[in-house]
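# Per-entry structural report
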Amino acid sequence: MGGRYALMLGCLIPSRLPQIEAACRRVFPLLGAEFDDNFDFSCCPNSPFIKPLDKEAWLTMAARNLSLVEEAGLTIATPCPGCSNTLLEAKHELDHDKELKARVNERLKNIDREYKGKANVRHLLQVLVEDLGLKKVEAIVKTPLKLKVAAHYGCHLLKPSKVMGFEEPFTAHSLEDLTKVVGGEPVEYENRDLCCGLVLGSTHLDGSLDLAHRKFSSAKAAGADALLVTCPTCFLQFDTGQMRAAKKFGADYSIPVLYFAQLIGLAAGLTDKDMGLHAHRTKTTTVVDALKGR
Amino acid sequence: MSGHDVEGNPLGPYAKDLHTLLDAQGIPHCYQCSRCTSACPSALATGAFNPRKIILQLLLGELPEVTAEDTVWMCVNCHSCEEACPKEVRVAGIMNALRNEGFKAGKAPKGYTGNANLLLASGLVASLQGVDRARTQVGLGKMRMPNIEEIRKLLEGTELKAKGGGN
């Protein structure tokens, strides 16, 4: 099954991590998904920083984003778990609280919009696993990617599980399944389900780096060649933040970070340049070497 | 328990509706097992933030005044606490409601208000410096920007618009 989706990129991916956008745009059509870019999405807005300031404003902006696709009848697909988390949480609250929905719609009236509750939202990993199916990936793999991969699910892709409606947080396996399909070997490692720590950096930098350090060291101890992520925030923390953590802890992790669409693209014969690996801050040598073997 | 502490004394600086809101998040069901804190990455990494203790204060009817330095701002909104809670207390929702009060009182850390500033300036929480170059480097064209006028109009009358990043 293929399908057409309203693509919501969020903030970080198109501005600071366009390699993730490039990978998604180049890989998903090969799997039968089509993206519609004609929607005026704003920031979702982000749940770790904006919701704690003003929940009602957060809900209102989320409701606007949801309302944009209702007429077209498309499902929103996003490469960012921050976006899918915000929109699904907002949808959950609005659909279960008539008073709140009425209040938010009162505000939306000022811009001639209305939230009806018809929109659906999925992260691209969920689109891949549930709508398209990993068999589609299997069909486009050209040469197996012989890499040991540490899966990092992050927080918002799966939690709160009752609202996100995807895999159970502690037993999730889609990233490990994907790794096997592209010919890699998923490694079991301590701290798989630990938060990346980036958000904590705004109030407690030492704590933020401590979490990253735990992650890198345990992935490294398990022999991982790469960390596999689904989230731009985790990507930033692990890629850009790796040098900072290495310096603080006097460690040499040298562990490349891959967004899951990049892993698929590389296995499907797209080049490392197509997947934007040259834009990474942490060297991707182990990954590129594995590609040369093909 | 709304509006009064365990001895029936009226409560401090917070409005009664906050208590109602907090009760609705399941506070009365908490029996202090501390699974929330055990599951919390911020508690692990900072040794300072402790959601169980914050909930204990609320159970005792003490509503601490939230300052910009308060540990509650160390909550990363990951919802690990809620996955772990055996009583379905909405721990992350509680940490959020407390911070909303702090922001209303003009007390939020710069790390947060900086994000509000970005949002009000462009409709996105992103610094737009060097974006074109970064996108060209991976073969992508210009980034699409949202209709900021419409968003500002939508946020008219909200705390976020009124206070923005200005505290």
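Residues numbered from 1 in each chain as written. Chains lettered and ligands numbered in written order. Predicted model: local features only at pLDDT ≥ 70, side-chain atom pairs only at ≥ 80, totals over all residues. Heavy atoms only, no water.

Tallying secondary structure elements over chain A gives 14 helices and 8 strands in all. Over its C-alpha atoms chain A spans a radius of gyration of 19 Å, differing by no more than 12% from the 19 Å that the globule rule assigns to 294 residues. Along the first, second and third principal axes, the C-alpha set of chain A runs to 60 × 45 × 30 Å. Of the contacts made within chain A by residues no fewer than 6 positions apart, 75% connect residues no fewer than 24 positions apart. For chain A, the exposed surface amounts to about 10,800 Å²; the carbon and sulfur share of it is 49%. Measuring between centres, the 37 positive side-chain charges of chain A sit 3 Å from its 36 negative side-chain charges. (Helix = DSSP H or I, 4+ residues; strand = E, 2+ residues; numbered from the N terminus. Rg over C-alpha atoms; globule rule 2.2 N^0.38 Å. Contact = heavy atoms within 4.5 Å. Areas by Shrake-Rupley, 256 points an atom, 1.4 Å probe, with all protein chains shown as cover. Lys, Arg positive; Asp, Glu negative; His and termini not counted. Charge placed at Lys NZ, Arg CZ, Asp CG, Glu CD.)

Further remarks concern the domain arrangement of chain B. A common measure of how large an interface is: the accessible area buried when the components associate. Residue and element names in this part refer to chain B. As far as domains go, chain B holds domain 1 (16–104) and domain 2 (110–164). A straight line from the C-alpha centre of domain 1 to that of domain 2 covers 29 Å. Between domain 1 and domain 2, the residue contacts involve 5 residues of the former and 6 residues of the latter. Buried area between domain 1 and domain 2, both sides added, is near 480 Å², and the carbon and sulfur share of it is 68%. Per-residue buried area on domain 1 facing domain 2 is highest for Trp73, Phe103 and Lys104; these three make up 93% of the total on that side. (Domains from an automatic or database assignment. Buried area = accessible area lost by both parts, 1.4 Å probe.)

Sizing a probe to match a water molecule and rolling it over the atoms shows the empty space that remains. Roughly 1,200 Å³ of volume is contained in the largest pocket. Looking at the lining of the largest pocket, the elements with two or more residues in it are α3 (55–70), α4 (81–96), α5 (98–109) and α8 (161–164) of chain A together with α1 (16–24), α5 (80–84) and α6 (91–104) of chain B. Top element by residues in the lining of the largest pocket is α6 of chain B. It accounts for 6 residues. Taken together, the residues of the lining of the largest pocket break down into 12 nonpolar, 9 polar and 18 charged. A volume near 900 Å³ is recorded for the second largest pocket. Along the wall of the second largest pocket there are 47 residues; nearest its centre are Leu12, Phe49, Leu198, Thr233 and Leu236 of chain A. For the lining of the second largest pocket, the secondary structure elements donating two or more residues are α1 (12–16), α4, α10 (205–221) and α11 (232–239) of chain A together with α7 (110–122) of chain B. Per-element tally for the lining of the second largest pocket: the top contributor is α11 of chain A, with 5 residues. The residue makeup of the lining of the second largest pocket, split by class, is 28 nonpolar, 17 polar and 2 charged. (1 Å grid on protein atoms, 1.4 Å probe; cavity = no way out; pocket = protein on both sides within 12 Å on 5 of 7 lines; lining within 4 Å. Points joined across faces, edges and corners; volume = space filled by probe spheres on them. Nonpolar A, V, L, I, M, F, W, Y, C, P; charged D, E, K, R; others polar.)

This next bit is on the side chain of His280 of chain A. Residue and element names in this part refer to chain A. Relative to the helices and strands, His280 resides in the loop between α13 (260–267) and α14 (285–292). Here the side chain of His280 touches Gln262 through a polar contact of 3.0 Å, side chain to side chain. When neighbours within four sequence positions are excluded, His280 is seen to be in contact with Gln19, Phe235, Asp239, Val257 and Gln262. (Polar contact = N/O pair within 3.5 Å; in protein donor to acceptor, adjacent residues only side chain to side chain.)

Bringing the environment of Leu53 of chain A into the picture now. Checked against the element boundaries, Leu53 of chain A lands in the loop between β2 (33–36) and α3. Separated by 35 residues in the primary sequence, Leu53 of chain A and Pro18 of chain A have C-alpha atoms spaced 28 Å apart. Not counting residues up to four positions away in its chain, the partners in contact with Leu53 of chain A are Trp73, Asn100, Phe103, Ala108, Tyr112, Thr113, Ala116 and Leu160 of chain B.

The subject of this paragraph is the pairing of strand β3 (residues 75–78) of chain A. Residue and element names in this part refer to chain A. Bridge count between strand β1 (residues 3–7) and β3: 3 bridges; the pairing is parallel. The residue of β3 that forms the bridge with Leu7 is Ala77. Where β3 and strand β4 (residues 121–123) come together, 3 bridges link them in parallel fashion. Bridged to Ala77 within β4 is Arg122. (Pairing = 2+ DSSP bridges.)

We now examine the packing of α4 of chain A against α5 of chain A. Residue and element names in this part refer to chain A. Two elements in contact, α4 and α5, have axes separated by 5 Å at closest approach and are oriented at 110 degrees. Relative to α5, the element α4 is oriented roughly perpendicular. Within the contact between the two elements, α4 uses Glu93, Leu94 and His96 and α5 uses Lys98, Leu100, Lys101 and Val104. Per-class residue counts for the contact of α4 with α5 are 3 nonpolar, 1 polar and 3 charged. (Axes fitted to C-alpha atoms, helices over the stretch in contact; angles between N-to-C directions. Parallel < 35°, antiparallel > 145°, perpendicular 65-115°, else oblique.)

Our next topic: the pattern of salt bridges. Two side chains of opposite charge can pair, provided their charged atoms sit close to one another. In this structure the tally under the stated criterion is 26 salt bridges over all chains. Lys109 of chain A is paired through a salt bridge with Glu106 of chain A; the nearest N and O atoms lie 3.7 Å apart. With Lys109 of chain A and Glu106 of chain A both in helix α5 and 3 residues apart, the pair spans about one turn of that helix. Exposure remark for Lys109 of chain A: the relative accessible area of 53% places this residue in the exposed category. A salt bridge links Arg113 of chain A to Glu150 of chain B, with the nearest nitrogen and oxygen atoms 2.7 Å apart. Within this pair, whereas Arg113 of chain A is found in the loop between α5 and β4, its partner Glu150 of chain B is found in helix α9 (residues 148–154), the two belonging to separate chains. Accessibility expressed as a relative area gives 13% for Glu150 of chain B, which makes it buried. One salt-bridge network, held together by shared partners, links Glu21, Arg25 and Asp37 of chain A together with Arg135 of chain B. (Salt bridge = Lys/Arg side-chain N within 4 Å of Asp/Glu carboxyl O. Buried < 20%, exposed > 50% of the residue type's maximum accessible area, 1.4 Å probe, protein only.)

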